[in-house]
Structure formats: C-alpha cells, structure tokens
Amino acid sequence: MKKGFVIFLVSLFSLFSAAAPSSSHSALVSANPATGADLSEAPAEVRLTFNESLLLLGDKNPNKLEVVNAAGELVSGEVSVSGPEIFASINKEIAVSGEYSVRYRVVSADGHPVEGGYKFTITGPEVISTPPVEELEDGPNPLVRFVFPMIILGIEIGRAHV
C-alpha cells in the first residue's frame, strides 16, 4: 500500500509541477495604425511590433507585410525589418478613403512562421481631382485678328483689279 501511495504522490506531484509549455512563436505586441483604427488620412507607414526579433537570412527577408485596399490593390511599399519590428511605407497617392486590410507573415528567430491580419479605415475626405480648365482667351488670338483682315483686304484688292 505504501508503494501505491508513493506512486500516487509522485504522479500527483509530476502533474502539478510540470512546467507549462513555452510558446516560442512570435506574438504581435502592437500595431500602428491599430486594429480597427479610423484615420482621417492615410498613414505614412504601417509598423508592427512583435514580442521577439524576427528572422532575417543574410540579405533575404522571409517576412511579409501587405496593406491592400477594399478592391484588393496593394498600397504598401517595400518591407523592412528591424529587430522585433516590421514596417512598410504606404503610397498616399492611392490610399484614399475606405477600408484597408493589413496582412502579415513573419518568421520568429527560432524559425516558426506566424500569420495574421487586421483592418483599419481611412475616413478622411476623398479628394476628387477635376481636369484643369483651359482659360478662354478674349476673342481669337492676335495672329488670327491680324491675318483675317489681311486676307479680306487682299480679296477686296484682288476684286478691284479684275
């Protein structure tokens, strides 16, 4: 009986003293713009910060960060990584009012990939460009004003000699 009780205690001790499995995957700590943000204008960049450094393989970057508009058009530029941060510039010329999706796939320093995404909205006034309006001249240009009377004068002089 003592042997069974000892086995029970050892089992019970092992069960409760076992360390929780550690998570070695990267986790998103912060995002700028934030998840669900309503912005009055397009941000200059999207920057994500993770809880650990992201993997770089020499000059190769296995990490991805994309920002797309509601039509699925890519509005983000080249992706850069610095330690636990990944960021990409935003093309403000094509980033107008609407909903945007941020999609990322990062590789933590231990090689585990992590994927995710979120959305933000630009609610600023949409700029609608109008074609430039040509300025109207005050009557025909000076050359026409000079040449036309000369032609008429020439016709009249020609008639007078016939």
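Residues numbered from 1 in each chain as written. Predicted model: local features only at pLDDT ≥ 70, side-chain atom pairs only at ≥ 80, totals over all residues. Heavy atoms only, no water.

**Q** An account of the pattern of salt bridges is needed here, citing residue identities and associated values.
**A** Counted according to the given criterion, the structure contains five salt bridges. Notably, a salt bridge pairs Glu66 with Arg103, separated by 3.2 Å at the nearest N-O pair. Linking Glu66 in strand β4 (residues 64-68) with Arg103 in strand β7 (residues 98-107), this pair joins segments that are 37 residues apart in sequence. Classification of Arg103 by relative accessible area gives partly exposed; the value is 43%. Of the charged contacts in the structure, one is a salt bridge between Glu115 and Arg105, with a shortest N-O distance of 3.7 Å. Taken together, the residues Glu115 in strand β8 (residues 113-122) and Arg105 in strand β7 connect sequence positions 10 residues apart. The exposure class of Arg105 is partly exposed, given its relative accessible area of 32%. (Salt bridge = Lys/Arg side-chain N within 4 Å of Asp/Glu carboxyl O. Helix = DSSP H or I, 4+ residues; strand = E, 2+ residues; numbered from the N terminus. Buried < 20%, exposed > 50% of the residue type's maximum accessible area, 1.4 Å probe, protein only.)

**Q** Tell me about the sheet that holds β4, residues and numbers included.
**A** Taken together, the four strands give an open sheet; going across it, the order is β2-β8-β7-β4, and neighbouring strands pair in mixed fashion. The outermost strands of the open sheet, each flanked by one partner alone, are β2 (38-39) and β4. Pairing analysis gives five bridges linking β4 to β7, with the strands arranged antiparallel. Each residue of the ladder has a partner; that of Val67, found in β7, is Val102. (Pairing = 2+ DSSP bridges.)

**Q** Could you give an account of a nonpolar patch on the surface, naming the residues involved and the relevant values?
**A** Taken together, the side chains of Met150, Leu153 and Ile157 make up a nonpolar region of the molecular surface, amounting to roughly 270 Å² of accessible area. Mapping Leu153 onto the fold places it in helix α2 (residues 142-161). Residue classification places Leu153 among the partly exposed positions, given a relative accessible area of 45%. (Patch = residues over 30% accessible without salt bridge, like charges linked within 9 Å, V, L, I, M, F, W, Y side chains within 5 Å. Areas by Shrake-Rupley, 256 points an atom, 1.4 Å probe, with all protein chains shown as cover.)

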